[in-house]
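Below are the chains, spelled out letter by letter.
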Amino acid sequence: MTAEFTPAHPRTIVRTTRGVEATDGAGVNMRRIIHQPELEMLDPFLMLDWFHSDEPQDYLAGFPNHPHRGFETVTYLMHGRMRHWDNKGHEGVIEPGGIQWMTAAGGIIHSEMPEQEDGLLSGFQLWVNLPAALKMKPAGYQEFDSAEVPVEEHDGVSLRVITGRTAGGTEGPVRDISTEPFFADIHLKAGAAHSEPVAEGHAAFLMVHEGTLEVAGSDGTATTLEAGDLAVLGDGDGVTLTAGPEGAKTLLVAARPLREPVARGGPFVMNTREEIMQAFDDYRAGRL
């Protein structure tokens, strides 16, 4: 399915970052792109980690049992397999191309462990904040394997659409998220170009994970991004992308800012320090 779309007010890049090397879980090596000194958060996005390694020692330790409250975790796997378990009775394996949108909300204890002993493990985990009114609702999931994620293709471009609706009318399987997100993995062949609308007023970023990508500016110029670059986009109604000579793969992610106070405490994200302390008390008392 195709659609002609040209932004009337193109979104341009306002800042870029490559993040920092980090270790999380029981010793998983990764790159932290959001929630690091150059980019603490991008409301409502609290954190973005990129794990990408074919060295088993970088990922085998995994993420043993740990709690969450007050936000959503989005796990998008491109290579490898990850087993998920939680204290609410849910268990399964995220396969390549699969998506898990977990709403931790009022609380959950879960583990995420590699379902492999060698080979490439690659993917992203994004944390998305919840509004105060929804932070204590029951936990839940939207989980889809690769075959359930629609792919829109045209003119050397393919979009794997996780959530939101494209200019071409393709709608992702993740629905009814409070921040009205758009999340697509866009693959462009060498020299291919694509324009995609992004709701005005929503926070938005590009995360290039392969190749090089040019992002058109409002003055007719273009900025080149390389694999590993995250670009924060300014406001506007859409973005225009052109792949470099080796092609490009990028996430395009956007959502409605909440503009609420943010209190963090490790695996908990609430609105006040008192709510964070209550979360730790509830965890210690077995109430998550």
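Please refer to the structure higher up on the page.
1. Regarding the overall build of the chain
Then step 1. When helices and strands are counted, the chain shows 1 helix and 22 strands.
Then step 2. Its C-alpha atoms give the chain a radius of gyration of 18 Å, within 12% of the compact-globule value 19 Å for 288 residues.
Then step 3. Projected onto the principal axes, the alpha-carbon positions of the chain cover approximately 60 × 40 × 35 Å.
Then step 4. Counting across all 288 residues of the chain, residues that qualify as buried make up 54%.
Then step 5. Across the chain, contacts joining residues at least 24 apart in sequence account for 73% of those joining residues at least 6 apart.
Then step 6. For the chain, the accessible surface area stands at approximately 12000 Å², while carbon and sulfur atoms represent 49% of it.
Then step 7. One way to put it: in the chain the 22 positive side-chain charges average out to a point 6 Å from where the 43 negative ones average out.

2. Notes on the sheet that holds strand β10 (residues 108-114)
Then step 1. Spatial ordering of the open sheet is given by β5-β10-β7-β8, a layout of 4 strands whose pairing is antiparallel. Every other strand in the sheet has two partners, leaving β5 (63-68) and β8 (91-94) as the edge strands with one partner each. For this sheet the average axis-to-axis angle between neighbouring strands, irrespective of direction, equals 25 degrees.
Then step 2. Relative to β8, strand β7 (residues 82-86) runs antiparallel, the two sharing 4 bridges.

3. Considerations on unusual backbone geometry
Then step 1. The omega torsion across Asp43 and Pro44 is 10 degrees, close enough to zero to call that bond cis.
Then step 2. Within the secondary structure, Pro44 is located in the loop between β3 (28-34) and β4 (45-53).
Then step 3. Unusually for a residue other than glycine, Asp155 sits at a positive phi of about 50 degrees.
Then step 4. For Asp176, which is not a glycine, the phi torsion comes out positive at approximately 60 degrees.
Then step 5. Take Asp176: it is sitting in the loop between β14 (157-163) and β15 (182-188).

4. What about the environment of Gly97?
Then step 1. Looking at the secondary structure, you find Gly97 in the loop between β8 and β9 (99-103).
Then step 2. Note: C-alpha distance between Gly97 and Arg81 (16 residues apart in sequence) is 9.9 Å.
Then step 3. With sequence-adjacent residues up to four places away left out, Gly97 is seen in contact with Tyr76, Leu77, Met78, Asp145, Ser146, Val149 and Arg160.

5. Thoughts on the nonpolar core
Soluble, globular proteins show a tendency: their nonpolar side chains are buried together.
Then step 1. Of all hydrophobic cores here, the largest spans 29 residues; its most connected members are Phe45, Leu48, Leu126, Phe205, Met207 and Leu230.
Then step 2. Going through the elements one at a time, β3, β4, β6 (71-79), β9, β11 (121-129), β17 (203-216), β19 (230-233) and β20 (238-255) are the ones with two or more residues in this core.
Then step 3. Those residues within four positions of Met207 in sequence are excluded, and the remaining contacts are Ile33, Leu48, Trp50, Phe124, Gly228, Asp229, Leu230, Lys249, Thr250 and Leu251.
Then step 4. In this structure, Val157, Ile186, Ala248 and Ala254 belong to the second largest nonpolar core, which totals 23 residues.

Rules used throughout
Residues numbered from 1 in each chain as written. Predicted model: local features only at pLDDT ≥ 70, side-chain atom pairs only at ≥ 80, totals over all residues. Heavy atoms only, no water. Helix = DSSP H or I, 4+ residues; strand = E, 2+ residues; numbered from the N terminus. Rg over C-alpha atoms; globule rule 2.2 N^0.38 Å. Buried < 20%, exposed > 50% of the residue type's maximum accessible area, 1.4 Å probe, protein only. Contact = heavy atoms within 4.5 Å. Areas by Shrake-Rupley, 256 points an atom, 1.4 Å probe, with all protein chains shown as cover. Lys, Arg positive; Asp, Glu negative; His and termini not counted. Charge placed at Lys NZ, Arg CZ, Asp CG, Glu CD. Pairing = 2+ DSSP bridges. Axes fitted to C-alpha atoms, helices over the stretch in contact; angles between N-to-C directions. Core = buried A, V, L, I, M, F, W, Y, C linked by side-chain atoms within 4.5 Å.

Taken by themselves, the reported measurements are silent on function.
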